[in-house]
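Read off the chains here:
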Amino acid sequence: MSMTLLIHGGPILTMDERQPIAEAIALQNGDVLSVGSERDVRDAIVGDYDDIALHGRLATPGLIDAHAHVVMVGMEQREVDATADTVSSISEIGAKIRAATVGRPEGTWIKANGYDQASLAEQRHPNRHDLDAAAPDHPVLLMRSCHHIAAVNSRALALAGIDQNTPDPDGGTIDRDEHGEPTGVLRENAVGLVEDVMGEPGQNEIEAAIIAGGRAFAEAGVTGMHEAGIRRAEQMRAFQSVYQRGELPIRINLMMIIEETLDELIGLGIRTGLGDEWLRIGNAKLFTDGSIGGRTARMRQPYRDQPHNYGIWMEPPEVMKEKIIRAHAAGFQVGCHAIGDAAITLLLDSYEEAQRRFPRPDTRHRIEHCSIVDLAMVDRIAQLGVVPIPGTSFLYYTRPAYVENVGVERIRYAYAMKTFHEKGIVAAASTDAPVVPVDPLIGIQTMVTRRDRNGDPAWPEEAVSVEEALRAYTVNAAYAAHEERRKGRLKAGMAGDVTIFSADLRDVPADELTNQHADMTIIGGEVVAERAWAAR
Ligand SMILES: [Zn+2]
């Protein structure tokens, strides 16, 4: 295979202000060799090259998702899909579970999701005997679509210590046969008896999830992502092993969740930036509050119709502030989950105090999600040089729940990309997948239309252009990880990461952007994902 790749027949959106649009780009030895007119780029190439003709499709710097969970995306991909769309009988579910056991060590949990006995040929719940036949050596948890009932096999019952002598737990039922033996069907709180013993996945499982999840991102046109949090040795070992084998599908920054590990990290002198452009330690992270949907994000004013509910703090605010300041002093970039305006204010206070006590240039501390802010807070974000990581796909799904829980006025500046831009704030796009799908086009459409999936508007004053949305997904996301010298723009010497879309997104009607696709994903000059019917 040739080490040089020529992409031509543009438009190529470079995010390089000196040459925003180009006709052609050449990638060589992993990096950008030349960008410009087709003639100039061809002149720069010496020797053989592979060739991709855009035919008017848009190429951009490789997209970077600034906050998502690649391991969880991969775990979900590896679960068995037992929804009514995909199976019509218990024997089909059994066949899928049997296939899922292949390559997984004995004793590893198999999770399956979404069955509904009403749409199964047998017209009954699957039981332990069905699941034992499919997977005698692996514990199996098969969740019904409602998530309140599950079927498990004998291995799972044994691990949970459930037998004929086990009483039903409070608020739950263990179904039993005519001899009093558990059938494997568990209802409500009885499901928790099994979930409690599933434990954390081991290193092999995590490695497989990194690969499966990373591929899902690559297929969606994403070349890099900021993994929103690891806290266990198995996770770090898994990322390092996959990286050392050269099997990382995309480039990954690891946020370090410091709730329990801050002392160890400081003790070892580990800080943001360790690693290389494939695998690198990113920001230190805490969860300061919860979510708007769960009415747990910490607010300055109470939730609608609940005058005493302000949401929750994950730890006492003074404790979190002290951890943030210590992480800052130890050289970390800090970026904490903060959704409610009280939680975001705590972060701004902490970052300001950290900087006052331990001044450091160009910290770029981040606010993960950064949902509920007012204009005064936006001004503070600008003044402190803080980088918001808005959940740029959230409103597409959650606008009704946001309005229901906090009212329309309080979401005036939620994920306000236009205002952020006007105030000179660098805000990076993110999905928080698997909370929402990995597909960046959902976020791009939502930034451009400010409409949810029903077409209802959420402050369309904050709508931005396709170019601006792509900027949030490329150069801004690179900036959010101090990587803008290598990633997020296409010019000579930058990493050879390119996303090719199925059309020129600037010409697509804004509310049809989600119908488009990533046709090709290129990382370090190599095509890592390609839609089967995409033109080349
Ligand atoms: Zn997250």
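Keep in mind that this is a model prediction, so the values were computed, not measured.

Definitions and cut-offs
- Here the residue numbers are simple positions, counted from 1 along each chain's written sequence.
- Local features in a predicted model are, by the rule used here, given only for residues with pLDDT of at least 70; side-chain atom pairs are given and counted only at 80 or more, and totals for whole chains, interfaces and linings are based on all residues.
- Side-chain numbers here rest on the full set of heavy atoms in the structure, without hydrogens or water.
- Here a helix means four or more residues in a row that DSSP labels H or I, a strand means two or more in a row labelled E, and each is numbered from the N terminus.
- Here the globule rule is a power law, 2.2 Å times the number of residues to the power 0.38, and the radius of gyration is based on C-alpha atoms.
- Accessibility here uses a 1.4 Å probe with only protein chains present; expressed as a share of the type maximum, an area under 20% marks a residue as buried, one over 50% as exposed, and anything in between as partly exposed.
- A contact between two residues is defined here by any heavy atoms of the two lying within 4.5 Å.
- By the counting scheme adopted, Arg and Lys are positive, Glu and Asp are negative, and His together with the chain ends is not counted.
- A charge is said to be at NZ when it belongs to Lys, at CZ for Arg, at CG for Asp and at CD for Glu.
- Think of the donor list as every N, O and S atom within 2.8 Å of the metal, or within 3.2 Å for Na, K and Ca; water never makes the list, so a site can look incomplete.
- DSSP bridges decide pairing: two strands pair if at least two such bridges lie between them.
- Axis angles are defined between N-to-C directions and span 0 to 180 degrees, where every axis is a line fitted to C-alpha atoms and, for a helix, only to the segment in contact.
- By salt bridge we mean one thing: a side-chain nitrogen of Lys or Arg within 4 Å of a carboxyl oxygen of Asp or Glu.
- Pairing of N or O atoms within 3.5 Å defines a polar contact, subject to two protein rules: one partner must be a possible hydrogen donor and the other a possible acceptor, and residues neighboring in sequence count only if both atoms are side-chain atoms.
- Whether two aromatic rings pair depends on their centres lying within 6.5 Å, for rings of Phe, Tyr and Trp, where Trp uses its six-membered ring; planes under 30 degrees apart make the pair stacked, over 60 edge-to-face, and the rest tilted.
- In our convention, an over-ring charge means Lys NZ or Arg CZ found within 6 Å of a ring centre and within 35 degrees of that ring's normal.
- Roughly parallel covers angles under 35 degrees, roughly antiparallel covers those over 145, roughly perpendicular covers 65 to 115, and oblique covers all other angles.
- Handedness of a crossing is defined here by the sense of rotation of the near helix relative to the far one, left-handed for an anticlockwise turn of less than a right angle and right-handed for a clockwise turn.
- Charged means Asp, Glu, Lys or Arg here, nonpolar means Ala, Val, Leu, Ile, Met, Phe, Trp, Tyr, Cys or Pro, and polar covers whatever is left, Gly included.
- Multiplying one less than the number of residues by 1.5 Å gives the expected span of a helix.

Caption draft 1: Spotlight on the overall build of the chain. The number of helices and strands found in the chain is 17 helices and 23 strands. Against the globule reference of 24 Å for 536 residues, the chain gives a C-alpha radius of gyration of 25 Å, in line with a compact fold. Buried positions account for 57% of the 536 residues belonging to the chain. Relative to all contacts within the chain whose residues are 6 or more apart in sequence, the contacts with residues 24 or more apart total 72%. When the 54 positive and 79 negative side-chain charges of the chain are each reduced to one mean point, those points stand 4 Å apart.

Caption draft 2: Quick look at the coordination of the zinc ion. Within the protein, His 67 (NE2), His 69 (NE2) and Asp 432 (OD) serve as the donor atoms for the zinc ion, at 2.1 to 2.2 Å. Every donor residue of the zinc ion comes from the same chain, spaced as H-x1-H-x362-D. Of the two residues, His 67 and His 69, neither departs from the other in class, the shared state being buried.

Caption draft 3: Fine view of the sheet that holds strand S15 (residues 222-230). One open sheet holds the 4 strands; their spatial order is S8-S15-S16-S17, and the pairing between them is parallel. The sheet terminates laterally at strand S8 (63-68) and strand S17 (279-285), the two strands that pair on one side only. For this sheet, the mean inter-axis angle between neighbouring strands, taken without regard to orientation, is 20°. Bridge count between strand S16 (residues 251-257) and S17: 5 bridges; the pairing is parallel. From the neighbouring strand, Asn 253 faces S17, where its bridge partner is Arg 280.

Caption draft 4: Highlighting the side chain of Asp 65. With respect to the helices, strands and loops of the structure, Asp 65 is situated in strand S8. Within the buried core, Asp 65 has no salt-bridge partner, and the shortest N-O distance to an opposite charge, that of Arg 366, equals 8.1 Å. There is a polar contact of 2.6 Å between the side chain of Asp 65 and the side chain of Thr 431. Residues contacting Asp 65, with those up to four places away along its chain left out, are Phe 217, Val 222, Gly 224, Met 225, His 226, Ala 429, Ser 430, Thr 431, Asp 432 and Tyr 473.

Caption draft 5: Looking closely at the packing of aromatic side chains. For the structure on display, the rule yields 3 aromatic pairs. Taking the centre distance of 5.8 Å and the plane angle of 75° together, the rings of Phe 394 and Tyr 415 count as edge-to-face. Taken together, the residues Phe 394 in helix H13 (residues 394-406) and Tyr 415 in the loop between H13 and helix H14 (417-422) connect sequence positions 21 residues apart. Each member of the pair, Phe 394 together with Tyr 415, is buried. What makes Tyr 415 buried here is its relative accessible area of 3%. Feature note: the residues Phe 394, Tyr 402 and Tyr 415 constitute an aromatic cluster, connected by ring pairs. Over the ring of Tyr 413 we find Arg 412; its NZ or CZ atom is 4.3 Å from the centre of that ring.

Caption draft 6: Structural view of the packing of helix H10 (residues 317-329) against helix H11 (residues 341-357). Viewed as axis vectors pointing N to C, H10 and H11 meet at an angle of 40°, and their least axial separation amounts to 9 Å. Here H10 lies oblique to H11, going by the angle between them. In this structure, H10 meets H11 at a crossing whose hand is right-handed. Contact residues: Pro 317, Met 320, Lys 321, Glu 322, Ile 324, Ile 325 and His 328 in H10; Leu 346, Leu 347, Asp 349, Ser 350, Tyr 351, Glu 353, Ala 354, Gln 355 and Arg 357 in H11. Taken together, the residues of the contact of H10 with H11 sort by class into 8 nonpolar, 3 polar and 5 charged.

Caption draft 7: Focus on the sheet that holds strand S19 (residues 366-369). Taken in spatial order, the 3 strands of this open sheet run S18-S19-S20, and their pairing is parallel. Only two strands of the sheet have a single neighbouring strand rather than two, namely strand S18 (335-338) and strand S20 (387-390). Between one strand axis and the next, the sheet turns through 25° on average, direction left out of account. Pairing geometry for S18 and S19, over 4 bridges, is parallel. Across the sheet, the residue bridging to His 337 is Glu 368, located in S19.

Caption draft 8: Quick look at the pattern of salt bridges. Inspection of the entire model under this criterion finds 39 salt bridges. A salt bridge links Arg 380 to Glu 352; the shortest N-O distance between them is 2.7 Å. You can see Arg 380 sitting in helix H12 (residues 375-384) and its partner Glu 352 sitting in helix H11, a full 28 residues away along the chain. Residue Glu 352 is classed as partly exposed on the basis of its relative accessible area, which comes to 30%. Residues Asp 456 and Arg 399 are paired through a salt bridge, measuring 3.5 Å at the closest nitrogen-oxygen approach.

Caption draft 9: Quick look at H10. Taking 1.5 Å per residue, 13 residues should reach 18 Å; H10 reaches 18 Å between its end C-alpha atoms and fits that length. Close packing links the buried residues of H10 with helix H9 (262-268), S17, S18 and H11. Where H10 terminates, the next one or two residues include Gly 331, which has phi positive at roughly 100°.

Caption draft 10: Focus on the environment of Glu 315. Residue placement: Glu 315 occurs in the loop between S17 and H10. Along the backbone, Glu 315 and Phe 287 are 28 residues apart, and their C-alpha atoms lie at a distance of 8.6 Å. Once you skip the residues sitting within four places of it in the chain, Glu 315 turns out to touch Glu 259, Leu 286, Met 320 and Lys 323. Of note is the side chain of Glu 315, whose polar atom sits 2.8 Å from the side chain of Lys 323.

Caption draft 11: Highlighting the pairing of strand S21 (residues 498-501). Neither face of S21 is open: one carries Val 498 and Ile 500, the other Thr 499 and Phe 501, and all of them are buried. With 3 bridges connecting them, strand S7 (residues 59-61) and S21 associate as antiparallel partners. Within S21, the residue paired with Pro 61 across the bridge is Val 498. Looking at chain direction, S21 and strand S22 (residues 518-523) are connected through 4 bridges and run antiparallel. In the sheet register, Thr 499 faces S22, and the bridge partner there is Thr 521.

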